[in-house]
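So the chains spell out like this:
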Amino acid sequence: MFLAIKEIKHAKVHYGLIIAMVTLIGYLIFMLLGLMLGLANENTAAIDAWSTKTVILSKGANVNLNQSLIKTADLPPLKAGDSLVGQSPVVISRQTGATHKQSAQLIGLRADQPIYQHLELVSGHRPQKPRQVVLAANLRTKGYRLGDRIKLAGQKQSLTVVGFAKDGMLNMTPIVYGNLQLWQAVKGGPQFAASAIFSQRTFQLDTTALKAYPRATYVNKLPGYTAQNKTFAAMIGFLMIISMIIIGVFLYILTMQKLPNYAVLRAQGIPGRTLTVATVSQAAVLMVSGGLLSLLLTRLTMLGLPASMPFQLSWPLAAGLTGALVLLGTVGALIPVKLIQRVQPLDALR
Amino acid sequence: MNLIELKQVSKVYGHGVSQVQALKEVNFAAAPGELNLVIGPSGSGKSTFLTIAGGLQTPTSGQVLINGQDPAQLTAQQRDHLRLTRLGFILQAYNLLPYLTVHQQFELVDRVKKDHLTPAALQTLLTELGIDQLQAKYPDQLSGGQNQRVAIARALYANPAIVLADEPTAALDSQRVQGVGQLFKTLAVKHHKAVVLVTHDQRLLAFADHCYQIEDGQMTQLS
Ligand SMILES: Nc1ncnc2c1ncn2[C@@H]1O[C@H](COP(=O)(O)OP(=O)(O)O)[C@@H](O)[C@H]1O
Ligand SMILES: [Mg+2]
């Protein structure tokens, strides 16, 4: 540690540049992580807000809510914790003020069931009449306000916005909460009970018409969700490995320049281990400083991000990634360590 | 008692036609309190001799004893330890780490070796060498002569019984050569070290207790 710190202090520019490099890579990693989690949240925010443990869909729907319809005749007996959910893609157009069209999804709920009862609002109240709706809170950034009148494409009667719901995103699309009759009107009749049953219980069900899926199965089958997460995870993984190689190569070059000195030290009987420890701990110091700086930079950036940007950072996860970055950088230092181990005391006299 | 002894030591580099016999049946001994000078032209085998006498490499044949131990019989770690505790090397270049101040060069020794000079003894040594004012300086802020004196102080700080130096006057002007000769003489006499200098510099002859000439790997004692 003595040699490591002294050298970093003496060659501030060299090591400053390496730290800057690590910082930028770490910054990129955390920005990607933030986007990954932010987008994942826009996929699953509603499912989590509903405390979903199990989802019942019609069997032919291929675990896709959009394709699922449950006939009234097929409805299983409901228990506490179960909610009927009617879902339909809709286009809403604002009737009040400047016209605006927005793709959304209608979620029809029953007032006596848990999702409706625990619906968390940031303002207004829950829909109490058939023609009242609650919008996803992030639609406020598009200018939607309480009391606005909207129409669903293909529907004659207009609806009134009476509230804004927290966590109103499902599969990247904002939710329009209404009651189940509204959904039935959009879908075209009462022969369908709902699109799905979202339950807070864990259970199994497999009938000719319906099948129950655990939350994880359902979420992983959300269109695009798994592919998106894998893409981000791969990018983060590659960046980690690249940073490991960069730190290894930089330290390799710096170590090459020090080999004649190291040979003299070895001739004087300084153990090779002292020099190895110096290089490895140097890598650790560089990675820790770079990691912390990138966390700081990420935090500062978050202050300036627009609210509409899907960005969410889990600090425990970010700290875990910093740890992994430090570990990998230290592994990268094993490249120059090989060089040091090959230094012969005899080289000092050549 | 002799701290270094070489008996019938030969060293051959390479094989077949490219084979070079760098040392031929060399006999040599160094005792504490003596300045031994090995003088010879470039390519005569001086560095080879010094590395074998310092346990950095082993001879092809013959026997070497350093502080009574044969380095060929020791493990690499034990040889490291022998050099760390008994030998002080002063080489032509790279003796000092560029990123440590003069004072920190000594601190590095502290960290790997318990048995070093006391702070008072170090102070005396630095004053004697005329470098006590330079402790906060980095090697690149020192002149060639100052660099070398710091290297000498660093080697002595570890309190070795044997001091080995390769071409210690290579970087110095005439005036300095006298100073360095005197300094090594003092090391031997006053600090009771076994000092071995290898050089091609005839001007150092005046300071030597024992003089050896080396030519084409063959060593002869001059006086
Ligand atoms: N590692 C080596 N491999 C082959 N030949 C060497 C090696 N080291 C030295 N020599 C040869 O041994 C002879 C003596 O070299 P050296 O001991 O370095 O002499 P000096 O230090 O007096 O210049 C020279 O001919 C040199 O070329
Ligand atoms: Mg030489």
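Our subject is the structure listed above.
Residues numbered from 1 in each chain as written. Chains lettered and ligands numbered in written order. Predicted model: local features only at pLDDT ≥ 70, side-chain atom pairs only at ≥ 80, totals over all residues. Heavy atoms only, no water.

(A) Just the nonpolar core, in detail. One finds A:Leu3, B:Ile4, B:Leu6, B:Phe28 and B:Phe49 to be the most contacted residues of the largest nonpolar core, which totals 50 residues. Ignoring sequence-local partners within four residues, the contact set of B:Phe28 consists of B:Ile4, B:Glu5, B:Leu6, B:Asn36, B:Val38, B:Phe49, B:Val196, B:Tyr212 and B:Met219. (Core = buried A, V, L, I, M, F, W, Y, C linked by side-chain atoms within 4.5 Å. Buried < 20%, exposed > 50% of the residue type's maximum accessible area, 1.4 Å probe, protein only. Contact = heavy atoms within 4.5 Å.)

(B) A look at the site of ligand 1. As a matter of local geometry, ligand 1 sits amid A:Arg350, B:Tyr13, B:Val20, B:Ala22, B:Pro41, B:Ser42, B:Gly43, B:Ser44, B:Gly45, B:Lys46, B:Ser47 and B:Thr48. Bordering ligand 1 are residues originating from chains A and B. Contact distances for ligand 1 include 2.7 Å between an oxygen atom and a backbone N or O atom of B:Gly43. Contacts to ligand 1 include B:Gly45, whose backbone N or O atom sits 3.2 Å from an oxygen atom. Taken together, the elements giving at least two residues each to the shell around ligand 1 come down to β2 (20–30) and α1 (46–53) of chain B. When the residues that make up the shell around ligand 1 are grouped by side-chain class, the tally is four nonpolar, six polar and two charged. (Near = heavy atom within 4 Å. Polar contact = N/O pair within 3.5 Å; in protein donor to acceptor, adjacent residues only side chain to side chain. Helix = DSSP H or I, 4+ residues; strand = E, 2+ residues; numbered from the N terminus. Nonpolar A, V, L, I, M, F, W, Y, C, P; charged D, E, K, R; others polar.)

(C) Inspection of a nonpolar patch on the surface at higher detail. Residues and elements named next belong to chain A. A contiguous nonpolar patch, built from Ile241, Ile245, Val249, Tyr252, Ile253, Met256 and Ile335 and spanning about 590 Å² of accessible area, is present on the exposed surface. The element contributing the most residues to the nonpolar patch is helix α6 (residues 225–267), with six residues. Along the chain, the position of Met256 falls in helix α6. For Met256, a relative accessible area of 44% corresponds to the partly exposed category. (Patch = residues over 30% accessible without salt bridge, like charges linked within 9 Å, V, L, I, M, F, W, Y side chains within 5 Å. Areas by Shrake-Rupley, 256 points an atom, 1.4 Å probe, with all protein chains shown as cover. Salt bridge = Lys/Arg side-chain N within 4 Å of Asp/Glu carboxyl O.)

(D) Representation of empty space enclosed by the protein within the structure. Applying the stated criterion across every chain yields a total of one cavity of 30 Å³ or more. Considered as a void within the structure, the largest cavity measures approximately 60 Å³ in volume. Forming the walls of the largest cavity are A:Gln268, A:Ile270, B:Leu84, B:Leu87, B:Gly88, B:Phe89, B:Val109, B:Arg154, B:Ala155 and B:Ala158. Broken down by secondary-structure element, the contributors of at least two residues to the lining of the largest cavity are β5 (87–90) and α5 (144–157) of chain B. (1 Å grid on protein atoms, 1.4 Å probe; cavity = no way out; pocket = protein on both sides within 12 Å on 5 of 7 lines; lining within 4 Å. Points joined across faces, edges and corners; volume = space filled by probe spheres on them.)

(E) Up close: the pattern of salt bridges. In total, this model carries 16 salt bridges over all chains according to the counting rule given. With a closest N to O distance of 3.8 Å, A:Lys166 and A:Glu120 form a salt bridge. Of the two residues, A:Lys166 is situated in the loop between β8 (159–165) and β9 (169–170) and A:Glu120 in the loop between α3 (114–117) and β5 (121–124); the sequence distance between them amounts to 46 residues. Between B:Lys113 and B:Asp115 there is a salt bridge; the shortest N-O distance is 3.7 Å. Assessed through its relative accessible area of 3%, B:Lys113 is described here as buried. Judged by relative accessible area, B:Asp115 falls into the partly exposed class, the value being 44%. In the salt-bridge network here, residues are joined through shared partners; they are A:Lys59, A:Asp206 and A:Lys211.

(F) Inspection of the environment of A:Ile242 at higher detail. Residues and elements named next belong to chain A. Of note, Ile242 is situated in helix α6. Residue classification places Ile242 among the partly exposed residues on the basis of a relative accessible area of 43%. Put simply, Ile242 and Arg131 are 111 residues apart on the chain and 56 Å apart in space, counted from C-alpha to C-alpha.

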